[in-house]
Amino acid sequence: MAAVVLALVLAFARQMRVLQGQAERSAVQSTLGALRSAFVLDHLQQMTRSETRTVASMQHNPFELLEHYPANYFGTMSASQASAMPAGGWVFEPACICVGYLPVRTEWLDRPDEDPILWYRVGDASAPLQLTARQAYVWHGQALN
């Protein structure tokens, strides 16, 4: 009986970890989606005002386009400072004009380098601004871009 209970507890614990990873992935995608939507709205507003985007305006923190900062947004900081932030948080790195996310558990990710932070470059690949992953991030076998 004890072996059956132990097996059930272990299976439950494993499934909980998988669900936590899926929930965090969904939260990351939600934040990326909110930023991308904010880029589109900002672009449409600029078009109605007949403004052109300058390099200086591109370097502003994209989180400032949101109505509210995410609860896990830790502000503007360098990449070295960002590596010391609490897990599960977002930052804006002005030197590379990137947003970064430090996952709660890095083992959920398959990635070629050892940087624990997921970096997304804010770029003017087309109008409106775009978020582009600096590398191919795979989270539990699914692309995270």
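Residues numbered from 1 in each chain as written. Predicted model: local features only at pLDDT ≥ 70, side-chain atom pairs only at ≥ 80, totals over all residues. Heavy atoms only, no water.

Visitor: Tell me what's going on with the sheet that holds strand β6 (residues 130-133), and back it up with residues and numbers.
Guide: Across the sheet, 5 strands lie side by side as β1-β2-β3-β5-β6; this open sheet has mixed pairing. Either end of the sheet is taken by a strand with one partner, and the two such strands are β1 (73-76) and β6. This sheet shows a mean twist of 20° between the axes of neighbouring strands, independent of strand direction. Where strand β3 (residues 98-102) and strand β5 (residues 118-123) come together, 4 bridges link them in antiparallel fashion. By the bridge assignment for β5, Gly100 is matched with Trp119. (Pairing = 2+ DSSP bridges. Helix = DSSP H or I, 4+ residues; strand = E, 2+ residues; numbered from the N terminus. Axes fitted to C-alpha atoms, helices over the stretch in contact; angles between N-to-C directions.)

Visitor: Give a description of the nonpolar core that names residues and reports values.
Guide: Of all hydrophobic cores here, the largest spans 31 residues; its most connected members are Phe63, Trp90, Val99, Leu118, Tyr120 and Leu131. Looking at this core, the elements with two or more residues in it are α1 (2-48), β2 (89-93), β3 and β5. Not counting residues within four places of it along the chain, the set of residues in contact with Phe63 comprises Thr31, Leu35, Tyr69, Pro70, Tyr73, Trp90, Val91, Phe92 and Val99. (Core = buried A, V, L, I, M, F, W, Y, C linked by side-chain atoms within 4.5 Å. Buried < 20%, exposed > 50% of the residue type's maximum accessible area, 1.4 Å probe, protein only. Contact = heavy atoms within 4.5 Å.)

Visitor: I'd like a description of the packing of aromatic side chains, backed by residues and values.
Guide: Under the defined criterion, the tally for this structure stands at 6 aromatic pairs. Measuring from ring centre to ring centre gives 4.9 Å for Trp90 and Tyr101, while their planes differ by 45°; the resulting arrangement is tilted. With Trp90 in strand β2 and Tyr101 in strand β3, this pair connects stretches of sequence that are 11 residues apart. The burial state of Trp90 is the same as that of Tyr101; both residues are buried. (Phe/Tyr/Trp six-rings, centres within 6.5 Å; stacked < 30°, edge-to-face > 60°.)

Visitor: Give a detailed account of the environment of Pro70, specifying residues and quantitative values.
Guide: Mapped onto the elements, Pro70 comes out in the loop between α2 (55-58) and β1. Sequence separation of Pro70 and Trp90 is 20 residues, and the distance between their C-alpha atoms is 8.2 Å. Residue contacts for Pro70: discarding those within four places in its chain leaves Thr31 and Phe63.

Visitor: Tell me about the sheet that holds strand β7 (residues 138-139), and please be specific about residues and values.
Guide: Spatial ordering of the open sheet is given by β4-β7-β8, a layout of 3 strands whose pairing is antiparallel. Looking at the sheet topology across the chains shown, the edges are occupied by β4 (109-110) and β8 (142-143). Across 2 bridges, β4 lies against β7 in antiparallel orientation. Its bridge partner lying in β7, Leu109 is registered against Trp139.

Visitor: So what's going on with a nonpolar patch on the surface? Which residues, and what values?
Guide: A contiguous nonpolar surface patch, about 380 Å² in accessible area, is contributed by Val40, Leu41, Leu44 and Met47. One can find Leu44 in helix α1. The partly exposed category is assigned to Leu44, whose relative accessible area is 44%. (Patch = residues over 30% accessible without salt bridge, like charges linked within 9 Å, V, L, I, M, F, W, Y side chains within 5 Å. Areas by Shrake-Rupley, 256 points an atom, 1.4 Å probe, with all protein chains shown as cover. Salt bridge = Lys/Arg side-chain N within 4 Å of Asp/Glu carboxyl O.)

Visitor: Please give an account of the pairing of β5 that cites residues and values.
Guide: For β5, a buried count of 5 out of 6 residues is recorded, marking the element as mostly surrounded by other parts of the structure. In this sheet, β6 lies alongside β5 in antiparallel orientation, the contact comprising 4 bridges. For Val122, the partnering residue across the bridge sits in β6 and is Leu131.

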